[in-house]
Amino acid sequence: MNIRSMVVVGAGQMGSGIAQTAAARGFAVTLYDIDRAATDRGMASIGHSLSRFVKKGRLTEEQKSACLSLISPSTDMSAAAGADFVIEAAPERPDIKRAIFKELDRLCPPHAILATNTSSLPITDIAAATKRPESVIGMHFMNPVPVMPLVEVIRGLATSDEVCARVMAFAKELGKSAVEVQDFPGFASNRILMLMINEAIFAVYEGVAEPDAIDRVMKLGMNHPMGPLELADFIGLDTCLAIMETLAQGFGDSKYRPCPLLRKYVAAGWLGRKTGRGFYSYEQQSG
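From a predicted model like this one, the values you see are computed outputs, not experimental measurements.

## Examining helix α11 (residues 260-268)
Since the α-helix turns once every 3.6 residues, residues separated by three or four places project in the same direction.
Working step 1: Within the sequence span of α11, burial applies to Leu261, Leu262 and Tyr265. For α11, the buried positions fall inside an angular range of 105 degrees around the axis, keeping them on one side. Those residues of α11 that are exposed and aimed more than 90 degrees away from the buried face are Lys264 and Ala267.
Working step 2: For α11, the secondary structure elements touched by its buried residues are α7 (189-205) and α10 (237-251).
Working step 3: Immediately beyond the C-terminal end of α11, within one or two residues, lies Gly269, with a positive phi of roughly 85 degrees.

Below, the structure is given as structure tokens:
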């Protein structure tokens, strides 16, 4: 199946990044969200991202304009009625995702592939909200989407071989490297990454070392480009907590228990970069 019409549901950080990546590869994209303010923020984010690429010499102004011209913001979900491919990038809540997929199932043509960018939730559960579970698949992009080359492709219990092969090929068309993984909580990426982040938070909680010291150990000693606590702030501590809770519930193993300090920071609204404070302060940068 050729993908000619693409819809991204959710104009946040991940959704706008996916839309930008697809448009940069010549795909026409509809970027949907529930209100105009959200789509305006998404389009502004894409514009800023493309401007950074121009400044670095990776794009020309003409290429930036061409990319933007291929993205159409919308607050009308019925835009999915003619889509060949839809990817959902809504908040990481099962109820929200299932509701979206139920609506997409009603709206989209029979041949459409329905993908979710979930970072940890079971694909099989999301697919069960539709009458076409064979056409539902996980396509987990890494953040920031326009820069990171990896995409995890996750098959649900009923995902067809044809749909999986088409999505693997589509990831390549987007300039990404796709890795197929099975439908386990956290998949491969977050099952491994979040344990490291959670253990780094425990090290702070138990007084092993300060956040900067822990991050320097991992950067200078393990050659990580970003320390685990810097990365947690970048991802969002609320997102980290949600993924840890998914892992803990999915596996029933105490090794996935979220650190109490992570819970405390989230309760305080210290979510990382997006709120100006997490394990580090970003108030000066954001102001």
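## Re the pattern of salt bridges
Working step 1: Under the definition given, this model contains 14 salt bridges.
Working step 2: As a salt-bridge pair, Arg93 and Asp95 come within 2.5 Å of each other at their nearest N and O atoms.
Working step 3: Take Arg93: its relative accessible area is 44%, and that puts it in the partly exposed class.
Working step 4: On the accessibility criterion, Asp95 (43% relative accessible area) is partly exposed.
Working step 5: The shortest N-O distance in the salt bridge between Lys219 and Glu230 comes to 3.0 Å. With Lys219 in helix α8 (residues 211-222) and Glu230 in helix α9 (residues 228-235), this residue pair connects regions lying 11 residues apart in the sequence.
Working step 6: Under the relative-accessibility criterion, Glu230 is labelled partly exposed at 24%.
Working step 7: Here the residues in one salt-bridge network are Glu88, Glu92 and Lys97, joined through shared partners.

## Brief notes about the layout of surface pockets
Working step 1: Volume-wise, the second largest pocket comes out at about 360 Å³.
Working step 2: Along its surface, the second largest pocket is lined by 18 residues, and Ala24, Arg25, Phe53, Leu59 and Pro146 are the ones closest to its centre.
Working step 3: Broken down by secondary-structure element, the contributors of at least two residues to the lining of the second largest pocket are α1 (13-24), α2 (36-55) and α3 (61-69).
Working step 4: Across the lining of the second largest pocket, the residue classes break down as 10 nonpolar, 4 polar and 4 charged.

## Side note on the domain arrangement of the chain
Working step 1: When the domains of the chain are assigned, the result is domain 1 (6-182) and domain 2 (190-274).
Working step 2: Here domain 1 and domain 2 have C-alpha centroids that lie 26 Å from each other.
Working step 3: Domain 1 puts 6 residues into the contact, and the matching count from domain 2 is 4 residues.
Working step 4: Taken together, the two surfaces of domain 1 and domain 2 that pack against each other cover about 500 Å², and 55% of this comes from carbon and sulfur.

## What about the nonpolar core?
Working step 1: Counting residues in each nonpolar core, the largest one holds 35 residues, and the members touching the most others are Met6, Phe85, Ile87, Met139 and Phe141.
Working step 2: One finds Cys108, Val136, Val181 and Phe187 within the second-largest nonpolar core, a separate group that totals 24 residues.

## Topic: unusual backbone geometry
Working step 1: The omega angle of the peptide bond from Asn143 to Pro144 is 0 degrees, so this bond is cis rather than trans.
Working step 2: Inspection of the secondary structure assignment puts Pro144 in the loop between β6 (136-141) and β7 (150-155).
Working step 3: Located in the positive-phi region is Phe187, a residue other than glycine, with phi close to 55 degrees.
Working step 4: Counting through the fold element by element, Phe187 comes out in the loop between β8 (177-182) and α7.
Working step 5: We note that Asn223 has phi near 65 degrees; this positive angle belongs to a residue other than glycine.
Working step 6: Structurally, Asn223 is set in the loop between α8 and α9.

## Points about the side chain of Glu92
Working step 1: Checked against the element boundaries, Glu92 lands in the loop between β4 (85-88) and α4 (94-107).
Working step 2: Polar side-chain contacts of Glu92 include one of 2.6 Å to the side chain of Thr118.
Working step 3: Of note is the side chain of Glu92, whose polar atom sits 3.1 Å from the backbone nitrogen of Ser120.
Working step 4: Ignoring anything within four residues of it in the chain, the contact list for Glu92 reads Lys97, Thr118, Ser119, Ser120 and Leu121.

Calculation criteria
Residues numbered from 1 in each chain as written. Predicted model: local features only at pLDDT ≥ 70, side-chain atom pairs only at ≥ 80, totals over all residues. Heavy atoms only, no water. Buried < 20%, exposed > 50% of the residue type's maximum accessible area, 1.4 Å probe, protein only. Helix = DSSP H or I, 4+ residues; strand = E, 2+ residues; numbered from the N terminus. Arc of directions from axis to C-beta. Contact = heavy atoms within 4.5 Å. Salt bridge = Lys/Arg side-chain N within 4 Å of Asp/Glu carboxyl O. 1 Å grid on protein atoms, 1.4 Å probe; cavity = no way out; pocket = protein on both sides within 12 Å on 5 of 7 lines; lining within 4 Å. Points joined across faces, edges and corners; volume = space filled by probe spheres on them. Nonpolar A, V, L, I, M, F, W, Y, C, P; charged D, E, K, R; others polar. Domains from an automatic or database assignment. Buried area = accessible area lost by both parts, 1.4 Å probe. Core = buried A, V, L, I, M, F, W, Y, C linked by side-chain atoms within 4.5 Å. Polar contact = N/O pair within 3.5 Å; in protein donor to acceptor, adjacent residues only side chain to side chain.

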